[in-house]
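# Geometric and topological summary
Now for the letters of each chain:
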Amino acid sequence: MDINVEKWKSKGEFFKFKEFDIFYLQEGSGEDLLIIHGYPYNSFEWKDSIAELSKTFRVTTFDLLGMGFSSKPKKHRYSYEEYCEIVNELLEKLAIKQVHIFAHDLGVSVAQELIARQEESKNSFKINSTAFMNGSLFIDVYKPRLIQKILSKSPTFIGKTLSNIMTKNMVNKSVKSVFGKDTQPSNDFLDKQWEILNYNDGKKIAYLIGRLVFEKYNYLNRWVTAMQKTTIPMCYIYGPADPNSGTHMAERYKVLVSKPRIYPLREAIGHWPLLEDRENMLLKFYTFINDVKNNYR
């Protein structure tokens, strides 16, 4: 295992959720901040951002079931409800009663379901604010990549077969297509993530996680209603060059959310601001947090 990947893994811990092991990590001190990563990667991609955020917050992050260093069951129905149960159990274990959330990609949808659960008084904690970043908040305007469609909208046996034969080059090509043309990921980063993706045969279940993308149609009304009703301060930070969930997603956010807080990054930034433009991403996030503190306390 790469030395930096091993170092990240050794800094974290595992807790038991049902029969599964969930990897989590906590750093820093201050108000609690929960980081929820996206697909197909894991919390490791937030490593450098967490190093900065932990100077101000007590940051908690974890690997979603089926990804990163968490268990990767092959015969399992992955769901947003279960991901929210994992979040609740983790925060209960850590005695966290109030938390800010910073979510990217698939993590955005987990955060939306957590907001809906808060409206129903189903969480064990209070969400103080939520920063969404480059994710399919509104699946009806989301533009999935070809590999997502092939893996996730095809019959199960096809998705399973494709996951088994999927190569490093195929994954890298798909990932790089949503980065800005001048802010492409390094080969070193892609190598590390390929290694983590294959940890405990994770590549073989890529299609199972991928199917969650299109299940969002079943939650669209629930999540939009919750976002319109909630008093939780929210914002959308985004790289405009993201073909999946960039400017067009921000425009829908403006239409559907009352008093929307929108924080665009430079036009050339794509789907992964935490890797493409970390400094400005963090600046936008702190601008939002300061607004929350000044106007909602």
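The paragraphs below set out a description of the structure included in this document. (Residues numbered from 1 in each chain as written. Predicted model: local features only at pLDDT ≥ 70, side-chain atom pairs only at ≥ 80, totals over all residues. Heavy atoms only, no water.)

## Digging into the overall build of the protein chain
- When helices and strands are counted, the protein chain shows 13 helices and eight strands.
- Compactness check: the protein chain gives a C-alpha radius of gyration of 18 Å against a globular reference of 19 Å for 297 residues, within 12% of the reference.
- Projected onto its principal axes, the C-alpha positions of the protein chain cover 50 × 40 × 35 Å.
- When the 297 residues of the protein chain are sorted by exposure, 60% land in the buried category.
- For the protein chain, the proportion of contacts with a sequence separation of at least 24, taken over those separated by at least 6, is 80%.
- When the accessible surface of the protein chain is totalled, it reaches about 12300 Å², and 48% of it is carbon and sulfur.
- Counting 42 positive and 35 negative side-chain charges, the protein chain places the averaged centre of each group 3 Å from the other. (Helix = DSSP H or I, 4+ residues; strand = E, 2+ residues; numbered from the N terminus. Rg over C-alpha atoms; globule rule 2.2 N^0.38 Å. Buried < 20%, exposed > 50% of the residue type's maximum accessible area, 1.4 Å probe, protein only. Contact = heavy atoms within 4.5 Å. Areas by Shrake-Rupley, 256 points an atom, 1.4 Å probe, with all protein chains shown as cover. Lys, Arg positive; Asp, Glu negative; His and termini not counted. Charge placed at Lys NZ, Arg CZ, Asp CG, Glu CD.)

## Considering the environment of Gly239
- For Gly239, the position within the fold is in the loop between β7 (234-238) and α11 (247-256).
- Taking C-alpha positions, Gly239 is 14 Å from Ala103, a pair spaced 136 residues apart along the chain.
- Gly239 has contacts with Asn134, Gly246, Leu265, Ile269, Gly270 and Pro273, leaving out every residue within four places of it along the chain.

## Here we look at the pattern of salt bridges
- Considering all chains together, one arrives at 23 salt bridges under this definition.
- Notably, a salt bridge pairs Lys293 with Glu31, separated by 3.3 Å at the nearest N-O pair. Of this pair, Lys293 sits in helix α13 (residues 278-295) while Glu31 sits in strand β3 (residues 31-36), placing them 262 residues apart in sequence.
- Here Lys293 falls in the partly exposed class, since its relative accessible area comes to 32%.
- Among the salt bridges present, the one from Arg222 reaches Glu113, with a minimum N-O distance of 2.9 Å. Of this pair, Arg222 sits in helix α10 (residues 220-229) while Glu113 is found in helix α4 (residues 106-119), placing the two residues 109 residues apart along the sequence.
- It is possible to trace a salt-bridge network through shared partners that takes in Glu113, Glu120, Lys122 and Arg222. (Salt bridge = Lys/Arg side-chain N within 4 Å of Asp/Glu carboxyl O.)

## Describing the state of the cysteines
- All told, the structure shown has zero disulfides when counted by the stated rule.
- Cys84 forms no disulfide, and the closest cysteine sulfur to it belongs to Cys235, at a distance of 19 Å.
- Of the residues examined, Cys235 reaches a relative accessible area of 0% and is grouped as buried. (Disulfide = S-S within 2.5 Å.)

## Comments concerning the sheet that holds β3
- Within the open sheet, the eight strands sit side by side as β1-β2-β4-β3-β5-β6-β7-β8. Their pairing is mixed. Each edge of the open sheet is held by one strand with a lone partner, namely β1 (13-17) and β8 (262-264). Taken pair by pair, the neighbouring strands of this sheet meet at an average axis angle of 25°, ignoring direction.
- Here β7 runs beside β8; their pairing, made up of three bridges, is parallel. When the sheet's bridge partners are listed, Ile237 is paired in β8 with Tyr263.
- Packing of helix α3 (residues 80-93) onto the sheet brings it into contact with β1, β2 (20-28), β3, β4 (57-62) and β5 (98-104), and relative to β1 it is tilted by some 120°.
- In the packing of α13 onto the sheet, the strands contacted are β3, β4, β5, β6 (126-133), β7 and β8, and the crossing angle to β6 comes to about 150°. (Pairing = 2+ DSSP bridges. Axes fitted to C-alpha atoms, helices over the stretch in contact; angles between N-to-C directions.)

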